Amino acid sequence: MKSDAVDISADARIPRHVGIIMDGNGRWATSRHLPRAAGHRAGVKNIEPIVECMLDRGVRCVTVFAFSTENGGRPVSEVKSLFALFRKQILPLVKKLVVRGARVVFSGERESLPDDVVKLMTEAETLGDGNDKTVNIAFNYGSRAEIVRACKLAAASGEITERSIERGLYTADLPELDMIVRTGGEKRLSNFLLYQAAYGELFFTDTLWPDFSAAEACDMLDEFAKRTRRFGKV
Ligand code: FPP
């Protein structure tokens, strides 16, 4: 770190890593008599302004839940539209995030994804080389499967400890998860970053993801700064 730079990560009032469950796209579209795919399109548009607001406030890493392994069980037409959206929007989105000083990485199982989607991910991951902030896109991601994978890697290394399991998580190189936001009114984690969420502060809002604003995100960051975190101690 340069000597004149402020180490924002040292300020406990700012979360180092925020995870976002972007829920409510379908309801947003249905309430406007639009197809669900239109809700997902609006959802993608909202990623950059929210991430920008978080990074501007000193957050070093944001993980967004874009596609869960369970989402693969939705009607074929919806899954197809989500993949089409990914193919069309991922590079434009990543380019905008790179301008904001972030690199992009992906968490999730790639082996079962179409080759062209994996190729786009690999390309996207190179665009922000050298940037010190991170946007982690959880795509074809499920936390239980991630934990099983990490345990297998730990067992193969001959050492099963919290550290060795953490080294096998997709988030191994990312800061500690401090805050989880879920939009859309439900109050659950839905197989998102379960291991990493151990001491994460939870934030829920009824606002549907496409309507979630930078102002509301800032309010949550303000509330985070006021919370007392004890990590199990007195
Ligand atoms: C939840 O809304 C949202 C999803 C299942 C998908 C979120 C995906 C994106 C915003 C697009 C990702 C694409 C890129 C390029 C990163 P829901 O459909 O469950 O909404 P509902 O609860 O109102 O039905």
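Anything mentioned here points back to the structure above.
Okay, so let's go over this structure. On a predicted model such as this, the values are computed, not experimentally measured, just so you know.

Rules of the game
- Residues numbered from 1 in each chain as written.
- Predicted model: local features only at pLDDT ≥ 70, side-chain atom pairs only at ≥ 80, totals over all residues.
- Heavy atoms only, no water.
- Helix = DSSP H or I, 4+ residues; strand = E, 2+ residues; numbered from the N terminus.
- Rg over C-alpha atoms; globule rule 2.2 N^0.38 Å.
- Buried < 20%, exposed > 50% of the residue type's maximum accessible area, 1.4 Å probe, protein only.
- Near = heavy atom within 4 Å.
- Polar contact = N/O pair within 3.5 Å; in protein donor to acceptor, adjacent residues only side chain to side chain.
- Axes fitted to C-alpha atoms, helices over the stretch in contact; angles between N-to-C directions.
- Parallel < 35°, antiparallel > 145°, perpendicular 65-115°, else oblique.
- Left-handed = near helix turned anticlockwise from the far one by under 90°.
- Contact = heavy atoms within 4.5 Å.
- Nonpolar A, V, L, I, M, F, W, Y, C, P; charged D, E, K, R; others polar.
- 1 Å grid on protein atoms, 1.4 Å probe; cavity = no way out; pocket = protein on both sides within 12 Å on 5 of 7 lines; lining within 4 Å.
- Points joined across faces, edges and corners; volume = space filled by probe spheres on them.

When helices and strands are counted, the chain shows seven helices and six strands. Of the regular secondary structure in the chain, the N- to C-terminal order runs β-α-α-β-α-β-α-β-α-α-β-β-α. Its C-alpha radius of gyration of 18 Å places the chain within 12% of the 17 Å reference for a compact globule of 234 residues. Taking the principal axes of the C-alpha coordinates as reference, the chain spans close to 50 × 45 × 35 Å. The burial tally for the chain puts 46% of its 234 residues in the buried class.

Turning our eyes to something else, we now look at the site of the ligand. With respect to spatial proximity, 14 residues lie near the ligand, and among them D23, G26, R27, R36 and R74 are the closest. One of the backbone N or O atoms of G24 is found 3.4 Å from an oxygen atom in the ligand. R36 places a polar side-chain atom, nitrogen or oxygen, 2.9 Å from an oxygen atom of the ligand. Elements represented by at least two residues in the shell around the ligand include exactly α1 (25-30) and α2 (36-56).

On to the packing of α2 against helix α3 (residues 76-99), then. In contact at an axis separation of 10 Å, α2 and α3 are set at 20 degrees when each is read in the N-to-C sense. In terms of axis orientation, α2 runs roughly parallel to α3. Two packed elements cross with a definite hand, and for α2 against α3 that hand is right-handed. Counted together, R36, A37, H40, R41, V44, I47, E48 and V51 of α2 and E78, S81, L82, L85, Q89, L93, K96 and L97 of α3 form the full contact between these two elements. Residues of the contact of α2 with α3, tallied by class, amount to eight nonpolar, three polar and five charged.

In this section: the layout of surface pockets. Put simply, the largest pocket is a space of about 640 Å³. What lines the largest pocket is a set of 30 residues, and nearest its centre among them are M22, N25, F65, A66 and N71. Among the secondary structure elements, those contributing two or more residues to the lining of the largest pocket are α1, α2, β2 (61-68), α3 and β4 (133-141). Per element, the largest residue contribution to the lining of the largest pocket is six residues, and it comes from α3. Counted by class, the lining of the largest pocket contains 15 nonpolar, nine polar and six charged residues. One number sums up the size of the second largest pocket: a volume of about 380 Å³. Together, 15 residues line the second largest pocket, and R163, E166, E176, Y195 and Q196 are the ones closest to its centre.

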